[in-house]
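# Understanding the architecture of this molecule
What follows is the residue order along each chain.
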Amino acid sequence: MKIVNQHSPIQQLTKLTFVLLFIFSTSLFAQQGDAANGKKLFKANCAACHKLDKKVLGPPLKGVSEKRDRKWLYSWIKNSAEFIKSGDADAKAIFEEFKIPMTPFPQLSNKDIDDILAYTDDKPAKKAASGAGASTKVDPKVKLGKKLFKANCAACHKMEGKLVGPGLKGVTERREKEWLHAWIKDNNALRKSGDAIAKQVFEENGKMPMTPFPQLSDDDIDALLAYFKVGDVKKVVKNTAGVNTTKKEKKSSGAWMNWVVILVILGLLIWMFLSKVTFLKIIATVFLLLVGAYFTFDWLMGIGVDQGYQPIQPIAFSHKIHAGDNKIDCQYCHSSAKHSKTSGVPTANVCMNCHKSISEVADDTRVGALGKEQLDKEIQKIYNAVGWDSDNMKYKENYKPIPIKWIRVHNLPDFAYYNHSQHVTVAGIKCQKCHGPVEKMDEMKQHSPLTMRWCLDCHKATDVNLDNKYYAKIHKQLSEKYGVEKVTIAQLGGKECGKCHY
Amino acid sequence: MASNKKYWTSAAELKNSSIVEKLSKTEFVGEIPTDAFLGDKETLETSSTSRRDFLKYVGFTTAAASLAACEGPVIKTIPYLNKPNDIIPGVADYYATAMADGYDFANVLVKVREGRPIKINPNKEATSDNGTSARVQASVLSLYDNNRLKSALNNKKAINYTDFDREVISKLDQVSASEKKIVFLTGTMASPSTDKLLAEFKVKYPTAEHVVYDAVSESAAADAYEAIYGTRALPNYDFSKADVIVSIGADFLGDWQGGGYEKGYAANRVPKHGKMSKHIQFETNMSLTGANADQRFALKPSEQKFALVNLYNAITGQGLASKATPQDAAIKKAATQLKAANGKAVVVTGIQDKSAQLIAMAINDALQSQAVDLVNTKNIRKGNDAKVAQLITEMNAGNVGAVIINQANPVYTLAQSKEFVAGLKKVKLTVAFAMTPTETTKEVQFVNATPHYLESWGDVSITKGTYSLMQPTINKLFDTRQFQEALLAWTGNPTSYYNYLKNTWNTDILKGQSWNTALHNGTFKVANEETTVTPNTVDLNVAASALAKTKTNALELAIYTKVGLGDGQQANNPWLQELPDPITRTSWDNYLLVSRADAEAKGLKNWTVDNGALNGDLVDVTVDGVTIKNVPVYIQPGQAKGTVALALGYGRTEGMQKEMQTGVNAYPLVNKVGGNVTITKVAGEHQFACVQLQHTMMGRDEIVNETSLADFINKKKEEYNPSPKFSLDHKEVSVAETDLWEKFDDTIGPHFNLSIDLATCTGCAACVVACHAENNVPVVGKKEIRVSRDMHWLRIDRYYTSEMTKEKGEEEGIVGSGKYFEAQTHPEDQPEVSFQPVMCQHCNHAPCETVCPVAATSHGRQGQNQMAYNRCVGTRYCANNCPYRVRRFNWFQYAQNSEFNFNMNNDLGRMVLNPDVVVRSRGVMEKCSMCIQMTQATILKAKKENRPVNVGEFETACTNACSTGAMSFGDVNNEEEKVAKLQDDNRTFRLLEFVGTKPNVIYQLKVRNA
């Protein structure tokens, strides 16, 4: 009789389950960490003694995972003192070098440490052209002059080129210093005194008297004149290769682990299929089907969810410059948001409110890879749309305007009704709550998933705005009914289908 | 219920036909239209595509579709370059303006979204009473008619207006030099500024003449008024001041003398302090007015004339020449009631005969009627038939040098169309102003494309002393020019019509008052200085003997207009074509109305086919030598024996989309009312799109509810309006106590109810069109209507009942006589009519909600039964379980589908869609939402203004459109609201209350002052 040593199917299954569980857990841990979270953790825990690229109390941590084994790092960070005691040679060496024991961090999980390592592995972004302007020294007088210019003159003057008044660079060469003092302090009086030049300037500039500035002291005016003489120091920005955003290769110790795990699973599956045991084949098939179903379902649920959608717009408009740097209120441009269901893409006449006098960006302005030269062309696109003649400061006659075809970023399906004014005016919600940190975005991006669950999650968590008199009675009744102090939107009826679908 | 009357919706049902039985038990009578996408059976069998192939295709297409779905479309958003100050995208603006197309006149408030008019609302603050009829409501869609004229034409070739004017002026000069007549043939415009312009034209061209022509003429009434009071106008009537109303052939709730009387009429139709008006109607075919009457008597057109004189004789005691009629007893009784009303009585007539109108005015004079206003007359029917006839003669005689036609389509509407066309050929210059290509534009040399009234400036004076302004609500869609602008150009006046209008108003009408205020309000009232008019004496003997000479024929013709199409101007409007006629419940057609007796005698039949649709015989109709071929026959209960009736406005072909070319043209017979009719049955059958047997309520009879005034006054509520009782533990209890369901908490926040007063609902169907416009309800076409797939969210059920009961027979002393036998055997010969608008009842215990497998329909706290279209998978269980048959299924994709080539299938027509309401796609259920988009907007408005919602602020499209105030809507949790007060009204009942659905729609029963 032949004795066949055969494992029972149950045993095999148990084994397999363990194997799979193990693979899954390791693959989870081995996953490459989250650098953003790592940065946070780094700042909270490590930054007191470490920097990325410099020795402080401890060694620089950049690329530390390349130097050390990950397991070694886990042990070291969690409790370095214990680790040294355990007799690890490397640990001892480090202690000898720095002589101070590192604070133990038992509270950090392996995942946290992975995150931190992901951060430390990242190369810090190069500061673009950081030193270029720093070397040129600016006279403090000129600096003061520039400040005064921006505060008092910039509404009507540019340094170069005419705005309402003439360009001011080099004005000191055209006029006498005393004359300029008199003119700036009270140009009307100067003109009345019969000064020929003053009259001529008045005539040349459309007979518009300049605002007098008696509040400026002589020193102030000297500073201004100094600025007019020198002008802005041009910073030469070299279009180095480093500026062009080349995607950085992320080196990660976790990456190869992933591949190993996948290969192991694949190998295992192949082995199972090749084996003569039918049961294994069935298990493998079921496993494949489940994995397939998981990914298919996940993929299907993602259809139509365009979170992160960031189309290239016809004009390289930067929300960062407008809402962030210049702190323009969102509703200055999106003025329908408080009245209407749509927030309203600003119409070109709203752009022109400011861009009549802002025809070019500051020298060091950058939007992505675009510098001043390209950005000025972008402003020109508005002018082309409405027919603005920026040289003569007036609209062209008989100009056929060209509408600007923006690309919609946030698209709700037709069957979902959403009203901005309900959320902005009635509820008083900040735009950023749904649209994200728009003031930091150059190119607008869909921040939220805009799915129904996302809407409802907020409706369930948000309380009714009690300042509104409409809610007074209904809120009182509802709070009694539900026995709560504050009623949520969902309790008010914000979960009903018909409130958004009709 | 209260009475033991039997209600029926059709003759077939009355006769317990098996088809009705079958229909009442089937949910959807038609089979699922698999053929439409699979092809017919034969193709399927012979096809080389096997089932396996089919599955492969399905698999592939699914995969392909889902792959395609991964890539979302790039959607552009294009803002204004320079935003107009008063437009906020997403917020509607409202403009007061006036509609005046020569047939319909109304003060309206236009809802405009992003520069597109999308909805017509009545201007409730207007100084004259014309409400918005179904046609006025639908007129916004005519603006977006794809068939409109897009530029001026000269001999059918496009021409610009400069060349157009140059050629027209040179010809005008030649005509003027030859001293031939220049005739303006226009519909009634009632426009003070246009009249002034025409006067100025006459200064430049002294041979100019203005002939006013109404397609559906009221010339006789104007002639009569002119004969007595010297000016050409129509008396105005205030029916709210009348306790007894007798109408002989006047459809005053329809289009009689321009309409607009329903509000005053309804005011006195609800019993107040035990009193309400009594309305007696003598007429030929069942009209909307006859359907609302307390008593209705059928008379031939010729007999109506005798009846009128008999009524005069009975009231005044005089003996004018006349003949006997079958309804003389009723006439005598009516005369007594009229006299007893002590001045609170009125008699109106629609007989197109000057003599008859003279006698009617004499009757009102004799009654000292307070309801007639002879001073503030109506201006909206000024047509003069005699002058039109004279014009045709002169044209043919070659005396006319130029004919300029505006707001009229005489080639289509004139009975003497052939003579007119022949005459046109002899005229040197023919110009037509028209919005769409018409039968007339085909026959003239020059066509000036005119803008729709929503693109125009203008003014109209509906009644003397009230003025309305018309202002554009959208930029001109095409290269069009107003009639008035052309007149300015031809008279060499360089001002624009806007400035001309403004100047005219400032000097002639406003006299110092603000133009902007008048424009904002849309209307302006001038106090009329005259308070009386002095009559000339008229010899009534001459009038009466003229009437007495009328010949009575065996089969007489009557002509009428329908609520949907009216005079046929808007025949290319799919909303109006699809609107079921309130009486016949048939859409997409006109037909020859025949009485039961005549149909039986001539062997004409209507029959209901297996799928519930109605078919009928075809006949050729000949009246005095004019024949109309292939007219379908519709057997109409209540039609006078020995009469047939045909509706105007159909059978147009020019400028009409193929789908809208329905019915036959009855205009060749328009001047032959009362003429001798011969009908010959011809081969073939006609398929009607009749909805009357559809959506039956499963044989549940207790649906409409009515009572008599006597019962209402003398009996207790439990007797005339009992609430259903149930037995619980052997005790009789009310519905509330036998509830199977858990009570829904409806006490918090607004809880909406809609109330419909059947006493004041005239069945005018304005609400149906308003609902169409507000909710993007699709038009499905005749074929689909025939198989019960109409999409109307709101239908107006029409029930017939017979008033002849044994008690009544005894009272009238006819029991045992042949008359009683006749009335008992054929109750459909003299039926009473009840209208009942039915929409989703928004049940608090909704049967539809519990059966939906995907929870697509659910209940809101505000009382609305909500329908999430995107969730619906189309099982139709809900429709199956709805006792009210109000759910509508999208059997097809009705938008952007060339199979349904109506307004939703072209870019222009889609501009009318309400952007706040989704267009439903194929395979989902839809129904009345109680205008949730409107209630939500009202609430949001209150929130934004930081206040509670005001009383009366909530509205739905149907309540807004209702001219009589029969419909009201509001929050029952606010005691101040009308609907809250109506909850416990004695007349209030709920539809099928015993089912226990707890509807949020309530009805007030009709009270008949019989």
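Predicted model, so just to flag it, every value in this text is computed and none were measured.

The next point concerns the overall build of chain B. Within chain B one finds 34 helices and 44 strands. Its C-alpha atoms give chain B a radius of gyration of 29 Å, within 12% of the compact-globule value 30 Å for 1010 residues. Burial status across chain B gives 62% buried among its 1010 residues. Taken as a whole, chain B presents about 38900 Å² of accessible surface, with 51% of it coming from carbon and sulfur. Averaging the locations of the 109 positively and 111 negatively charged side chains of chain B gives two centres separated by 2 Å.

A tally of regular secondary structure across chain A gives 24 helices and three strands. Here chain A holds 502 residues, and the buried ones make up 33% of them. Counting contacts in chain A only where the partners sit at least 6 residues apart, residues at least 24 apart contribute 63% of the total. Accessible area of chain A: about 31900 Å², with a carbon and sulfur share of 60%.

Whether parallel or antiparallel, the strands of a sheet pair through hydrogen bonds between backbone atoms. Residues and elements named next belong to chain B. Pairing within the open sheet is antiparallel, and its three strands lie in the order β1-β35-β36. Looking at which strands have only one partner, the edges of the open sheet turn out to be β1 (7–8) and β36 (831–838). By the bridge criterion, eight bridges tie strand β35 (residues 795–802) to β36 in an arrangement that is antiparallel. Across the sheet, Arg798 pairs through a bridge with Phe835, a residue of β36.

A few words now on the domain arrangement of chain B. Residue and element names in this part refer to chain B. According to the domain assignment, chain B consists of domain 1 (7–17 + 696–1008), domain 2 (152–217 + 383–451 + 477–494), domain 3 (220–378) and domain 4 (553–690). Taking only C-alpha atoms, the centre of domain 1 and the centre of domain 3 are 33 Å apart. Listed per partner, the contact involves 22 residues of domain 1 and 17 residues of domain 3. Contact between domain 1 and domain 3 buries roughly 1600 Å² in total, counting both sides, with carbon and sulfur atoms accounting for 61%. Those elements that place two or more of their residues in the side of domain 1 that touches domain 3 are α24 (709–714), β36 and β44 (1006–1008). Looking at the side of domain 1 that touches domain 3 residue by residue, the classes come out as 11 nonpolar, six polar and five charged.

Okay, helix α18 (residues 348–355) of chain A next. Here α18(A) has its buried residues at A:Ala348, A:Val350, A:Met352 and A:His355. Turning to α18(A), the residues buried within the fold contact α16 (319–325), α17 (330–333), α19 (372–386), β1 (388–389) and β2 (394–395) of chain A.

Glancing now at the pairing of strand β43 (residues 1001–1004) of chain B. A regular strand places its side chains on the two faces of the sheet in alternate fashion. Residue and element names in this part refer to chain B. Side-chain alternation along β43 places Val1001 and Tyr1003 on one buried face and Ile1002 and Gln1004 on a second face that is also buried. Summarising the sheet, strand β34 (residues 752–757) and β43 pair through four bridges and their orientation is parallel. Bridging across to β43, Asp757 finds its partner in Gln1004. In the sheet, strand β42 (residues 988–989) pairs with β43 via two bridges, with the strands oriented antiparallel. The residue of β43 that forms the bridge with Thr988 is Gln1004.

Okay, the side chain of B:Asn448 next. Residue and element names in this part refer to chain B. For Asn448, the position within the fold is in strand β18 (residues 446–449). Under the relative-accessibility criterion, Asn448 is labelled buried at 0%. There is a polar contact of 2.8 Å between the side chain of Asn448 and the backbone oxygen of Arg481. Residue contacts for Asn448: discarding those within four places in its chain leaves Tyr161, Phe164, Ala432, Phe433, Ala434, Arg481 and Ala486.

Let's shift gears to helix α23 (residues 471–482) of chain A. All names here are of chain A. Taking 1.5 Å of rise per residue, the 12 residues of α23 would be expected to cover 16 Å, and the 16 Å separating its terminal C-alpha atoms lies within 8% of that figure. If you check which residues of α23 are buried, you get Tyr471, Ile474, His475, Leu478 and Ser479. Angularly, the buried residues of α23 cover 130° about the axis, an arc narrow enough to put them on a single face. Opposite its buried face, α23 presents the exposed residues Lys473, Lys476 and Glu480, each directed more than 90 degrees away.

This brings us to the packing of aromatic side chains. Residues and elements named next belong to chain A. Under the criterion given, the structure shown has 41 aromatic pairs over all chains. When the centroid spacing of 5.3 Å and the interplanar angle of 10° are considered together, the rings of Trp179 and Trp183 count as stacked. Taken together, the residues Trp179 and Trp183, both in helix α10 (residues 177–185) and four residues apart, mark about one turn of the helix. Each member of the pair, Trp179 together with Trp183, is buried.

Take empty space enclosed by the protein next. Residue and element names in this part refer to chain B. A complete count under the given rule lists 17 cavities of 30 Å³ or more for this structure. Computed from the structure, the largest cavity encloses a volume of approximately 890 Å³. Looking at the lining of the largest cavity, the elements that each hand over two or more residues are β3 (93–100), α6 (134–143), α16 (410–413), β17 (429–434), β19 (458–460) and α18 (483–490). A per-class count over the lining of the largest cavity returns 19 nonpolar, 24 polar and six charged.

Moving on to the interface of chain A and chain B. Taken together, the contact between chain A and chain B spans 53 residues of the former and 50 residues of the latter. Carbon and sulfur atoms make up 61% of the area that chain A and chain B hide from each other, which totals about 4300 Å². As a salt-bridge pair, A:Lys341 and B:Asp916 come within 2.8 Å of each other at their nearest N and O atoms. There are 22 residue pairs in polar contact (both at pLDDT 80 or more) connecting chain A and chain B. Looking at the side of chain A that touches chain B element by element, the count peaks at seven residues for α23(A). In the side of chain A that touches chain B, the residues fall into 25 nonpolar, 17 polar and 11 charged. In terms of strand pairing, strand β3 (residues 406–407) of chain A meets strand β2 (residues 76–77) of chain B through two bridges, oriented antiparallel. Paired with A:Ile407 across the bridge in β2(B) is B:Lys76.

Residues and elements named next belong to chain A. The predicted model of chain A averages 80 in pLDDT, with 86% of residues at 70 or higher. The weakest mean pLDDT in chain A belongs to helix α1 (residues 9–30) at 49; the strongest belongs to β3 at 94. Contacts from residues 24–31, a stretch scored under 50 in pLDDT, to residues over four places away or in other chains number nine contacts. For the stretch residues 124–135, pLDDT sits under 50, and the model shows four contacts to residues farther than four places along the chain or on other chains.

Right, let's get into the sheet that holds strand β20 (residues 466–470) of chain B. All names here are of chain B. Strand order in the open sheet made by the three strands is β19-β20-β21, with antiparallel pairing throughout. For this open sheet the edge positions go to β19 and β21 (523–525), each flanked by a neighbour on one side alone. Strand-to-strand, the axes of this sheet are offset by a mean angle of 20°, without reference to chain direction. As defined by bridge partners, β20 adjoins β21 across three bridges and the pair is classed as antiparallel. By the bridge assignment, Tyr467 is partnered in β21 with Phe524.

In the structure shown here, the tally under the stated rule is 43 salt bridges over all chains. The residue A:Lys499 makes a salt bridge to A:Glu496 at a minimum N-O spacing of 3.6 Å. Across this residue pair, the class does not change: A:Lys499 and A:Glu496 are buried. Here B:Glu394 and B:Lys181 are joined by a salt bridge, their closest N and O atoms 2.7 Å apart. You can see B:Glu394 sitting in helix α15 (residues 385–397) and its partner B:Lys181 sitting in strand β8 (residues 181–186), a full 213 residues away along the chain. For B:Glu394, a relative accessible area of 16% gives the class buried. Among the ionic contacts, a cluster of salt bridges with common partners joins A:Lys341, B:Arg113, B:Glu114 and B:Asp916.

Basis of the calculations
- Residues numbered from 1 in each chain as written.
- Chains lettered and ligands numbered in written order.
- Predicted model: local features only at pLDDT ≥ 70, side-chain atom pairs only at ≥ 80, totals over all residues.
- Heavy atoms only, no water.
- Helix = DSSP H or I, 4+ residues; strand = E, 2+ residues; numbered from the N terminus.
- Rg over C-alpha atoms; globule rule 2.2 N^0.38 Å.
- Buried < 20%, exposed > 50% of the residue type's maximum accessible area, 1.4 Å probe, protein only.
- Areas by Shrake-Rupley, 256 points an atom, 1.4 Å probe, with all protein chains shown as cover.
- Lys, Arg positive; Asp, Glu negative; His and termini not counted.
- Charge placed at Lys NZ, Arg CZ, Asp CG, Glu CD.
- Contact = heavy atoms within 4.5 Å.
- Pairing = 2+ DSSP bridges.
- Domains from an automatic or database assignment.
- Buried area = accessible area lost by both parts, 1.4 Å probe.
- Nonpolar A, V, L, I, M, F, W, Y, C, P; charged D, E, K, R; others polar.
- Polar contact = N/O pair within 3.5 Å; in protein donor to acceptor, adjacent residues only side chain to side chain.
- Expected span 1.5 Å × (residues − 1).
- Arc of directions from axis to C-beta.
- Phe/Tyr/Trp six-rings, centres within 6.5 Å; stacked < 30°, edge-to-face > 60°.
- 1 Å grid on protein atoms, 1.4 Å probe; cavity = no way out; pocket = protein on both sides within 12 Å on 5 of 7 lines; lining within 4 Å.
- Points joined across faces, edges and corners; volume = space filled by probe spheres on them.
- Salt bridge = Lys/Arg side-chain N within 4 Å of Asp/Glu carboxyl O.
- pLDDT = per-residue confidence, 0-100.
- Axes fitted to C-alpha atoms, helices over the stretch in contact; angles between N-to-C directions.

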